[in-house]
Amino acid sequence: MGGAIMLILSRFIDRGTEVIGKAVGWFILAAILLSAGNAVVRKVFNTSSNALLEMQWYLYGAAFLLAAAYTLRQNEHIRIDIVYGALSRRTQHWIDLFGHVFFLMPFAILMDVYFVSYVLQSYHSGETSNNAGGLTLWPAKALLLAGMLLLTLQGISEIIKKIAVMRGVIPDPTPFVSSHEAAALEGAELAEQLAAAQAEAEQTAKGERK
């Protein structure tokens, strides 16, 4: 019963992480458009705004920080699998679980505690940018706290899922694929696409001849 509740909690966290992770991808587009617009205004009208420049940094920072949990959920954080890839999948699960429990979670919780006072101090002091016309700083600092809170929640979800996978309760949601295997799969997929395109081109040519 308790395990089922924990898996429901994990699915709830995963769903929230996925929604947020995909949504903040639009921040990159917004930052690019803002950057382009600011460049045009600077060149054409010979003027600029520190607020707009800092808004670009806010958007990029928000995309990076708020998508960290989504990256963890997708198991896409960079790792060196020279040793890891040679181990059995069960050993890999133990390594992942150990890393989540003894490295990720202590660090994330420590950052959560630290950033609460960090953000509150900035908010109560009305801290603003040192640049003329710059933005208020506490929202940017709040992004640090939000990103770490999301990462903490996703870490909890990953621990729940990892234990469930090791017990055989659920299938492995992120089966390990080494970089060599990934390259081979990508090459095979590309070859299939090229073969399909060539077959389609030949079929079209035959139809035109008729």
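Residues numbered from 1 in each chain as written. Predicted model: local features only at pLDDT ≥ 70, side-chain atom pairs only at ≥ 80, totals over all residues. Heavy atoms only, no water.

Engineer: Describe the nonpolar core, listing the residues and the values that go with them.
Structural biologist: Of all hydrophobic cores here, the largest spans 10 residues; its members are Ala68, Leu72, Leu104, Ala108, Met111, Phe115, Val119, Leu145, Met148 and Leu151. Of all the elements in the fold, those that place two or more residues in this core are helix 4 (68–73), helix 5 (89–125) and helix 6 (138–166). Looking at which element gives the most residues to this core, the answer is helix 5, with 5 residues. Look past the residues within four positions of Ala108 in its chain and what remains in contact with it is Met148 and Thr152. Residues Val24, Leu65, Ala67 and Leu143 belong to the second largest nonpolar core, which totals 8 residues. (Core = buried A, V, L, I, M, F, W, Y, C linked by side-chain atoms within 4.5 Å. Buried < 20%, exposed > 50% of the residue type's maximum accessible area, 1.4 Å probe, protein only. Helix = DSSP H or I, 4+ residues; strand = E, 2+ residues; numbered from the N terminus. Contact = heavy atoms within 4.5 Å.)

Engineer: Summarise the packing of helix 1 (residues 2–23) against helix 6; cite the residues concerned and give the values.
Structural biologist: Running from N to C, helix 1 and helix 6 cross one another at 135 degrees; their axes reach a closest spacing of 9 Å. Considering their axes alone, helix 1 and helix 6 lie oblique with respect to each other. When the axes of helix 1 and helix 6 are compared, the crossing they make is left-handed. Note on element contacts: helix 6 touches helix 1 through Leu150, Leu153, Gln154, Ser157, Glu158, Ile160, Lys161 and Ala164, opposite Met6, Leu7, Leu9, Ser10, Ile13, Asp14, Thr17 and Ile20. Taken together, the residues that form the contact of helix 1 with helix 6 break down as 9 nonpolar, 4 polar and 3 charged. (Axes fitted to C-alpha atoms, helices over the stretch in contact; angles between N-to-C directions. Parallel < 35°, antiparallel > 145°, perpendicular 65-115°, else oblique. Left-handed = near helix turned anticlockwise from the far one by under 90°. Nonpolar A, V, L, I, M, F, W, Y, C, P; charged D, E, K, R; others polar.)

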